Every structure is written in structure tokens, then in C-alpha cells.
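Residue-level structural notes
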Amino acid sequence: MSAIRLAIKRISPKQLFMGSALLVNGGNYLYNLLLGRHLGPEAFADAALLVTLLLVLSFVGMTFQLATTKFAVLFSDETWVAFKNTMYRYALVFGVFTGILVLVFSKNLQALFNTQNHYMFMIFAVAIPLYFVMSVNRGRFQGKHDFGKLAGTYQTEMWSRLLFTFALLLLVPFEPGILIAVGIAVSFIFGLFPSDFKGVQLFSKSKLASVDLRQVWIFIGLTAGYELTQIIINNSDILLVKHYFNDKDAGLYSSLALIGRVVYFVAWMFVMLLMPTVIQKQKDGEATAPVLFKYVFFIGGLSTFIVFVCFLFPNLIITLMFGDAYLSIAHLLWKYALATSLFAVSNIFAYYFLSLNQYSPVILSGLLGFSQVALIMLYHDNLETVVHMQIIAMVILLVAQLLFFIIKNKKDSSALKKQNNLV
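Predicted model, so just to flag it, every value in this text is computed and none were measured.

Glancing now at the nonpolar core. Counting 139 residues, the largest nonpolar core has Phe17, Leu35, Tyr253, Tyr351 and Tyr352 as its most contacted members. For this core, the element with the highest residue contribution is helix α2 (residues 13-74), accounting for 25 residues. In this structure, Tyr253 is in contact with Asp237, Ile238, Val241, Tyr336, Leu383, Val386, Val387 and Gln390, ignoring residues within four places of it in sequence.

This paragraph deals with the environment of Ser195. Looking at where Ser195 falls in the secondary structure, it is placed in the loop between α7 (176-190) and α8 (210-244). Residue classification places Ser195 among the partly exposed residues on the basis of a relative accessible area of 25%.

Cis peptide bonds are those with omega within 30 degrees of zero, and the linkage from Phe193 to Pro194 qualifies with 0°. Inspection of the secondary structure puts Pro194 in the loop between α7 and α8. Backbone geometry at Asp77 places phi at a positive 55°, although glycine is not the residue there. Note that Asp77 resides in helix α3 (residues 77-104).

Turning our attention to the environment of Val266. Here Val266 is to be found in helix α10 (residues 262-283). When its relative accessible area of 11% is taken as the criterion, Val266 is described as buried. For Val266 and Gly177, which are 89 residues apart along the polypeptide, the C-alpha to C-alpha distance reads 27 Å.

Moving on, we come to helix α11 (residues 289-312). Over its 24 residues, α11 extends 35 Å from the first C-alpha to the last, a length consistent with the 34 Å expected when each residue adds 1.5 Å. The complete set of buried residues in α11 reads Ala289, Val291, Leu292, Tyr295, Ile299, Ser303, Ile306, Val307 and Cys310.

So, about the packing of helix α5 (residues 119-143) against α7. Interaxial distance between α5 and α7 falls to 9 Å at its minimum, and their mutual angle equals 15°. Classified by the angle between their axes, α5 and α7 sit roughly parallel to one another. In the crossing of α5 with α7, the sense of the turn from one axis to the other is left-handed. Counting all contacts with α5, which are made through Tyr119, Met120, Ile123, Phe124, Ala127, Leu130, Tyr131 and Met134, the residues of α7 involved are Gly177, Ile178, Ala181, Val182, Ile184, Ala185, Phe188 and Ile189. Considering only residue class, the contact of α5 with α7 consists of 15 nonpolar, one polar and no charged.

What follows deals with the packing of aromatic side chains. The relative placement of two aromatic rings is captured by the distance of their centres and the angle of their planes. A complete count under the given rule lists 23 aromatic pairs for this structure. With centroids separated by 6.1 Å and ring planes inclined at 85°, the aromatic side chains of Tyr31 and Phe166 adopt a geometry described as edge-to-face. With a gap of 135 residues between them, Tyr31 in helix α2 and Phe166 in helix α6 (residues 147-171) connect regions that are remote in the sequence. Residue Tyr31 is classed as buried on the basis of its relative accessible area, which comes to 3%. By relative accessible area, which is 13% here, Phe166 ends up buried. With a centroid separation of 5.0 Å and an interplanar angle of 65°, the aromatic rings of Tyr131 and Phe188 are classed as edge-to-face. Of this pair, Tyr131 sits in helix α5 while Phe188 sits in helix α7, and the two are 57 residues apart along the sequence. Judged by relative accessible area, which is 0%, Phe188 ranks as buried. Among the aromatic residues, those joined into a ring-pair cluster are Phe293, Phe349, Tyr352, Phe353, Phe404 and Phe405. Taking the ring centre of Trp80 as reference, the NZ or CZ of Lys144 above it sits at 4.7 Å. Directly above the aromatic system of Tyr295 lies the positively charged group of Lys294, at a separation of 5.2 Å from the ring centroid.

Analysis parameters
- Within each chain, residues carry numbers counting from 1 in the order of the written sequence.
- Note on the predicted model: pLDDT of at least 70 is required for a residue's local features to be given, and 80 or more for side-chain atom pairs to be given and counted; whole-chain, interface and lining totals, by contrast, use all residues.
- To obtain the side-chain values, all non-hydrogen atoms of the structure were included, while hydrogens and water were left out.
- For our purposes a nonpolar core is just a set of buried Ala, Val, Leu, Ile, Met, Phe, Trp, Tyr and Cys residues, chained together by side-chain atoms within 4.5 Å.
- Working definition: with a 1.4 Å probe on protein chains only, accessible area under 20% of the residue-type maximum means buried, over 50% means exposed, and in between means partly exposed.
- Secondary structure elements follow DSSP: runs of H or I no shorter than four residues count as helices, runs of E no shorter than two count as strands, and numbering proceeds from the N terminus.
- Whether two residues are in contact is decided by their heavy atoms, any of which lying within 4.5 Å being enough.
- By definition here, a helix of n residues has an expected span of 1.5 Å times n minus one.
- Throughout, an axis means a line fitted to C-alpha atoms (over the contacting stretch in the case of helices), and angles, computed between N-to-C directions, take values from 0 to 180 degrees.
- Note that the term roughly parallel is reserved for angles under 35 degrees, roughly antiparallel for angles over 145, roughly perpendicular for angles of 65 to 115, and oblique for everything else.
- Two helices cross in a left-handed way if the nearer one is turned anticlockwise from the farther one by less than a right angle. They cross in a right-handed way if the turn is clockwise.
- Residue type decides the class: Asp, Glu, Lys and Arg count as charged, Ala, Val, Leu, Ile, Met, Phe, Trp, Tyr, Cys and Pro as nonpolar, and the leftover types, Gly among them, as polar.
- Each Phe, Tyr or Trp ring, with Trp reduced to its six-membered ring, pairs with another whose centre is within 6.5 Å; inter-plane angles below 30 degrees give stacked pairs, above 60 give edge-to-face pairs, and intermediate values give tilted ones.
- Geometrically, a charge over a ring is one whose NZ (Lys) or CZ (Arg) sits within 6 Å of the ring centre while staying within 35 degrees of the ring normal.

The following block contains the structure:
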């Protein structure tokens with residue numbers, strides 16, 4: 001027992017978070033795989049839509065999380081307290097507004113995405129404000145490097161969603177979409193823990209100084225813009241396939257997307273560690289590029305391995321994860337994994353630039369995100385064409401990010417040489 005305790009003590013908070021993130025990603029994959037097996041391709045289409053909406057919500061929530069993370073590093077004392085109260089207020093107000101919109105347009109969403117009912121959207125809408133409050137909690141933990149509590153919130157959300165959803169599906173004779181929406185809503189409640197709301201005052205009299213508030217709003221605006229591109233690139237394909245194709249094809253494509261996106265979810269884990277580290281190093285006047293190289297190397301190596309495995313064993317992977325009913329999509333697995341891998345690596349570059357207040361790559365990602373949507377809308381004869389359009393868009397995005405990094409580094413080196421010569 002003493003050896004086990006000693007080993008646990010030697011685990012750093014970052015290592016603990018990475019291990020926890022792998023477990024959370026594994027749990028989320030298990031959740032989706034079990035849904036696919038339990039429901040079958042046609043019914044899985046509605047379930048996958050809800051999961052996609054959850055991913056969309058998570059990207060919007062990342063705006064609040066990353067903003068809180070950045071200024072948790074930069075602000076302290078009374079400024080931090082005023083900022084913290086401000087972020088909780090913004091999150092709650094925006095969450096209520098978004099929830100009301102989804103609630104009002106729930107029938108329109110049903111018609112747009114060809115779902116069995118609109119009640120699942122209504123249930124989802126009621127829970128939205130909780131998610132944004134949860135995102136501010138996570139930003140506090142991430143910025144303060146409290147990775148133990150950060151890991152805890154992801155664990156409570158994931159396990160509660162997995163257990164409650166399948167308990168409802170097995171025990172309650174209701175429409176699956178409604179039960180899945182209830183499971184997601186319950187998980188947001190559990191995701192609020194662990195947390196510490198002591199001292200949080202939504203309508204506190206202490207306000208941020210105008211110069212600080214301006215800095216916060218600029219970062220929130222630009223981060224929101226980038227997260228919008230993330231939503232478009234990472235989820236538009238599933239939504240468009242759900243719109244253009246029948247339920248069976250949409251369900252097959254959803255299973256393909258779920259397996260292929262394993263690279264992106266692992267990359268997300270590294271982004272959580274990348275941002276506070278880069279911001280802190282920039283604040284301390286240290287070099288930040290080595291941090292970028294390290295994470296690009298990790299994600300690039302992992303991506304290559306996953307694409308290679310998907311190319312060699314597509315039928316085996318599809319059969320083991322979803323069953324024989326999904327085998328017709330197996331030949332596209334490595335191609336989708338390739339598209340996702342290219343996006344994951346370019347995403348590391350984008351978050352690195354965002355951490356350093358370099359916003360040109362964010363705008364670039366937005367343009368290419370919309371180009372992906374346009375390509376799919378123009379060319380969607382079959383599912384293979386949809387995947388090919390994504391590969392084209394992601395190759396262009398990654399090349400553009402690399403060129404920006406190279407050009408910026410050359411300019412910075414030239415400026416530093418001139419400065420040294422003057423000295």
C-alpha cells in the first residue's frame with residue numbers, strides 16, 4: 001500500500017489530468033458506441049444529432065472557459081474577483097438567452113433535421129445555462145493549474161451521462177431522443193461539481209476597470225469567432241449529412257465520424273495544457289515555440305498511427321465498435337481519420353496563436369471553415385464525396401497555418417537581429 005501511495009504522490013497534476021482526459025474520452029466513446037449498438041443506424045441518427053449539438057455547445061462553452069483561463073493567469077487580487085463575477089454573470093445571461101432561442105425554435109429544428117420529435121430540443125434547451133456556468137468553473141481550474149478539480153468536473157459529467165442515459169433507455173419506454181436529452185441535461189448538473197461558488201456574486205458592485213474590460217471583450221470576441229469556426233469545421237458535416245441524406249446513411253456517417261474523431265478528442269487534451277503554459281511563458285518572457293513543437297509532435301505521431309490502423313483494419317474496427325450493420329461505411333474510415341488528423345494538428349497551431357494574441361490564423365480558420373460548408377453543399381453526391389471535400393479543406397488549412405508560422409518566425413528573427421545590431 002505504501003508503494004502505491006508513493007507512486008500516486010509522484011504523479012504530477014498535469015499527468016493526472018491527461019490520464020483523466022483519456023478516461024473521459026474513453027467513456028464518451030463507450031457512450032456513443034453503446035448508443036450505436038443499442039439503437040441501430042436509423043435511430044442512432046437522432047442520438048448522434050443530440051451528441052453533435054452537445055459538441056456544438058462545448059465549443060461555445062470553450063469561449064467562456066478559455067477567456068477565464070487566460071485572465072486567471074493575468075489577473076490577481078481584486079481585479080480577479082471582479083473578473084470572476086463578471087464571467088459568471090455573462091455565462092448565465094448568455095446561457096438563458098440561448099436556451100430560450102432553442103426552446104422557441106424547437107419545432108423548426110425538428111423540421112430542419114428530420115427528427116422524430118421536438119421535445120428533445122426543449123429538454124436540451126433548459127439545461128444550456130448550466131453548461132456555460134460549468135465552463136467558467138473549468139476555466140478557473142485550468143487557469144490556476146488546478147488540474148485535479150478540472151479533471152473531476154469532466155469525470156462527473158461523463159459518468160453521470162453514461163449511467164443515467166442507459167438506465168433510462170433500459171427502464172423507461174419512451175422515445176430514445178427524449179431519454180438521451182434527459183441524460184445529457186442531468187450530466188450538466190453533475191458537471192458543476194467539484195466547484196467552489198463561495199464568494200461568487202453575480203451582481204457585485206465591484207467592476208472591472210474599463211481598460212481590463214476592453215481587453216476581456218476583445219479576447220472573448222476573437223475566441224468566440226474561432227470557436228464558431230471550430231463548430232463549423234467539426235460539426236457541419238454531420239448536420240449537412242443529416243439534412244441531405246436519409247436516416248440510414250446519416251446514422252452510418254455518424255458512426256464513421258465518431259471513430260474518425262478520436263484524434264481530435266485526444267488533441268483537445270493537449271490544448272487544455274497548451275494554453276495556460278504558453279500564456280504563462282509569454283508573461284514570463286520565455287520562449288513559447290518549444291511548447292508548440294512538443295504538442296505538434298505528439299499529435300502528429302498519434303494521428304499518423306491512427307490513420308495507418310484505420311487503413312489496415314477498417315472492417316475489424318467497424319465490427320468491433322458498432323457491429324456488422326455499419327460495415328458498408330468501413331472503406332471511408334481512414335479517409336475521415338485523415339481529415340480529422342489534419343484538422344487536429346492545425347488546431348494546435350491555432351490555439352497557440354490565440355494564446356499569443358495573434359488573430360490572423362483565427363480569421364483564416366473561419367474562412368476555410370465556411371469553405372468546407374460550401375464544398376459539401378455543392379458536392380454531396382454520396383458520403384465519399386463529403387469526406388473528400390473535408391480532406392481538401394483541411395489540407396489547405398494546415399498548409400496556411402504552417403506558412404503563417406514560418407513567415408511570422410522569420411519576421412520576429414529579423415526584428416530581433418535589427419534590435420541587437422542597434423544595441
